[in-house]
Amino acid sequence: MIDLHTHILPAIDDGSADMQTSISFLKKMADCGITDVVCTSHYIRHQFHNTYAVRKEKFDLLKNEAYKQNIQTNLHLAAEVYLETEILQDIKQEKMNIDDTNYILVETDFTGFPPNLKELLYQLVKEGYNPILAHPERYSNLKKNPELAEEFMHRNVLLQLNAASLLGGYGRASAKAAWKMLEMGFCHFIASDCHCRSGEYQLPAAADLITRKLDNYTAQLITVENPQKVLDNKKIDMFYLENVEIKKKTVWNKIKSTFNRLS
């Protein structure tokens, strides 16, 4: 699996407090079979003004320490960008996209979408970026009406659910919204959004639950296939639910065909 959203860089935002904590979580991730981790430290102008130079320094320190300790997980540098007026200039200047791809992880106000949110997202798409909206299930607008998530997809915005939301970690409303979005195909990735504050790493448990409640095809698509396309800077199908249904029908037809031959 690939984790596209983490706060594992040490002592840079409200995530990992120090190198020891970061390495401890990287080991847990590696033990869970995580092949790639994207380091998406917060970029919020008046709170976490983490420039490229600051993020790169922390990233190199973590990468070197992971190498010393023989941790095989691949690390990638990015940011989680809080959308606000004229943020496009900051994004370009501080290289906040994921590695050298066109993909970028963004977030907005939990308590209500700002009036200019659509315009900010339009500016990103117009400039050639592929925005990934972090944890849509946690925003009050979408908690009340998960169906609104489809509007973002029509605006070429991809959606990333948090693993903890699917497990109930952010409360009942976020969990309900997350599962609703997932069932409607309004989710392209799940990620941990790991802040390294507890000893638990929840992405594998969420993927297992998706497999049990929905199907393995969806779990693989949003934890392996789509995240790999991000790292490879390849196009991702915005609307994929029809493909999932076709896959299910194909598998079921094969089962029926086998059963008929044995009867």
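For the structure given in this document, a descriptive report is provided here. Keep in mind it's a predicted model, so treat the numbers as computed, not measured.

How each quantity is defined
Residues numbered from 1 in each chain as written. Predicted model: local features only at pLDDT ≥ 70, side-chain atom pairs only at ≥ 80, totals over all residues. Heavy atoms only, no water. Phe/Tyr/Trp six-rings, centres within 6.5 Å; stacked < 30°, edge-to-face > 60°. Helix = DSSP H or I, 4+ residues; strand = E, 2+ residues; numbered from the N terminus. Buried < 20%, exposed > 50% of the residue type's maximum accessible area, 1.4 Å probe, protein only. Lys NZ or Arg CZ within 6 Å of the ring centre and 35° of its normal. Pairing = 2+ DSSP bridges. Axes fitted to C-alpha atoms, helices over the stretch in contact; angles between N-to-C directions. Contact = heavy atoms within 4.5 Å. Core = buried A, V, L, I, M, F, W, Y, C linked by side-chain atoms within 4.5 Å.

### Comments concerning the packing of aromatic side chains
No. 1: Across all of its chains, the model carries 3 aromatic pairs by this definition.
No. 2: A ring pair is formed by Phe 113 and Phe 152, whose centres lie 5.6 Å apart and whose planes are at 80 degrees; its orientation type is edge-to-face. Within this pair, whereas Phe 113 is found in the loop between strand S4 (103-107) and helix H4 (117-126), its partner Phe 152 is found in helix H6 (residues 149-154), the two being separated by 39 residues in sequence.
No. 3: Looking at Phe 152, the relative accessible area reads 8%, which means it is buried.
No. 4: The structure contains a cluster of three or more aromatic residues connected by ring pairs, namely Phe 110, Phe 113, Tyr 139 and Phe 152.
No. 5: The ring of Phe 25 carries Lys 28 above its face, with NZ or CZ at 4.5 Å from the centroid.
No. 6: Sitting over the ring of Trp 179, Lys 213 keeps its end group 4.0 Å from the ring centre.

### Structural notes on the sheet that holds strand S3 (residues 74-82)
No. 1: Strand order in the open sheet made by the 7 strands is S1-S2-S3-S4-S5-S6-S7, with parallel pairing throughout. Taken across any chain shown, the strands that pair with only one partner, and hence form the sheet edges, are strand S1 (2-6) and strand S7 (189-191). Across this sheet, the average inter-strand angle for adjacent strands is 30 degrees, counted without regard to direction.
No. 2: Looking at chain direction, S3 and S4 are connected through 3 bridges and run parallel. The residue of S4 that forms the bridge with Glu 80 is Leu 105.
No. 3: Across the sheet, helix H3 (residues 87-94) is in contact with strand S2 (36-43), S3 and S4; its angle to S3 comes to roughly 160 degrees.
No. 4: This element, helix H10 (residues 216-231), spans S1, S2, S3, S4, strand S5 (130-134) and S7 of the sheet and lies at about 70 degrees to S1.

### Here we look at helix H9 (residues 203-213)
No. 1: If you check which residues of H9 are buried, you get Leu 203, Pro 204, Ala 206, Ala 207, Leu 209 and Ile 210.
No. 2: Looking at the buried residues of H9, the elements they touch are S1, helix H7 (163-166), helix H8 (172-184), S7 and H10.

### What to know about the nonpolar core
No. 1: Ranked by internal contacts, the top residues of the largest apolar core, which has 76 residues, are Ile 8, Leu 26, Val 81, Leu 166 and Ile 190.
No. 2: Ignoring sequence-local partners within four residues, the contact set of Leu 166 consists of Leu 161, Ala 178, Trp 179, Leu 182, Ile 190, Ala 206, Leu 209 and Ile 210.

None of the figures reported here should be taken as evidence of function without further support.
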